[in-house]
Amino acid sequence: MADTKIFARLKADHDRHRKLLDQIDETQGDSPEREKLFEAFRVEVTAHAASEEMSLYATMLGKPDLREDAQHSVSEHKEIDDLLTELYEMDFASTGWLTRFRTMKHRYLHHIEEEEDEMFPEAEEGLSAAKQKELLAIFEKEKPKEKAKAAADEPSSDDEKE
């Protein structure tokens, strides 16, 4: 496939997410670096998931042979979102934060590996090249909007975090 399709774009995001996760995992305590990297990850993953759901998953939900995979992934997006909110509200310096972060990291890595190894190949077979390009256009249009929305919508107020 010479053209960049939705699956290559999603995998490129996943590669950025893996890098951010590794960088966060190397931070210490309540450092500005940890907070900055975690916020970048939270915004990026939130925007990615919403845009993925509006493009690829919306189409997959309409196809009986792909519906179950899409439903499973949407439920995993919700689980990751809940973990991100929990982490946001925790004290970044606590040992519990890093333990919970590593749980979220493990679950997220499992999710994207499952997408890349199982779901994407199945969906690619079931979607025409034209449809894949259309989904990429939707994803590219929606992601900047979702990123701005995620950056503005903090999971809780600063007062609740303290």
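About the cut-offs
- Residues numbered from 1 in each chain as written.
- Predicted model: local features only at pLDDT ≥ 70, side-chain atom pairs only at ≥ 80, totals over all residues.
- Heavy atoms only, no water.
- pLDDT = per-residue confidence, 0-100.
- Helix = DSSP H or I, 4+ residues; strand = E, 2+ residues; numbered from the N terminus.
- Contact = heavy atoms within 4.5 Å.
- Buried < 20%, exposed > 50% of the residue type's maximum accessible area, 1.4 Å probe, protein only.
- Lys, Arg positive; Asp, Glu negative; His and termini not counted.
- Salt bridge = Lys/Arg side-chain N within 4 Å of Asp/Glu carboxyl O.
- Phe/Tyr/Trp six-rings, centres within 6.5 Å; stacked < 30°, edge-to-face > 60°.
- Lys NZ or Arg CZ within 6 Å of the ring centre and 35° of its normal.
- Axes fitted to C-alpha atoms, helices over the stretch in contact; angles between N-to-C directions.
- Parallel < 35°, antiparallel > 145°, perpendicular 65-115°, else oblique.
- Left-handed = near helix turned anticlockwise from the far one by under 90°.
- Nonpolar A, V, L, I, M, F, W, Y, C, P; charged D, E, K, R; others polar.

Engineer: Would you mind going over the confidence of the model for the protein chain in detail, with residue names and values included?
Structural biologist: The share of residues in the protein chain with pLDDT of 70 or more is 93%, and the mean pLDDT across the chain is 91. Here helix H6 (residues 158-161) stands out as the element of the protein chain with the lowest mean pLDDT, 41, in contrast to helix H1 (residues 6-25), whose mean of 97 is the highest. Long-range and interchain partners of residues 157-162, a stretch whose pLDDT sits below 50, account for six contacts in this model, where long-range means more than four residues apart.

Engineer: Can you break down the side chain of Glu76 residue by residue, with the values?
Structural biologist: Relative to the helices and strands, Glu76 is located in helix H3 (residues 64-89). No salt bridge is formed by the buried Glu76. Its closest oppositely charged neighbour is Arg107, at 8.8 Å. In this view, Glu76 contacts His110, His111 and Glu114; residues no more than four positions away in its chain are not counted.

Engineer: Describe in detail the packing of aromatic side chains, supporting the description with residues and values.
Structural biologist: Evaluation of the coordinates by the stated rule reveals six aromatic pairs. Ring centres of Phe92 and Trp97 lie 5.0 Å apart, and the angle between their planes is 20°; on these two criteria the pair is classed as stacked. Trp97 matches Phe92 in its accessibility class, with the two residues each being buried. Counting every residue linked through ring pairs, the aromatic cluster contains Phe38, Phe92, Trp97 and Phe101. Above the plane of the ring of Tyr88 lies Arg42, whose end atom (NZ or CZ) is 5.7 Å from the centre.

Engineer: Go over the environment of Gln23 with me, naming the residues and quoting the values.
Structural biologist: Topologically, Gln23 is positioned in helix H1. A relative accessible area of 31% means that Gln23 is categorised as partly exposed. On a C-alpha basis, the gap between Gln23 and Glu33 in space is 9.3 Å, while along the polypeptide they are ten residues apart.

Engineer: Please set out the packing of H1 against helix H2 (residues 32-61) residue by residue, giving values where relevant.
Structural biologist: At a minimum axis separation of 10 Å, H1 and H2 run at an interaxial angle of 160°. By the angle between their axes, H1 is roughly antiparallel relative to H2. Seen from above, H1 lies across H2 with left-handed handedness. Where H1 approaches H2, its residues Ile6, Phe7, Leu10, Asp13, His14, Arg16, His17, Leu20, Leu21, Gln23 and Ile24 are matched on the opposing element by Leu37, Phe38, Ala40, Phe41, Glu44, Val45, His48, Glu52, Ser55 and Leu56. Here the contact of H1 with H2 is composed, by residue class, of twelve nonpolar, five polar and four charged.

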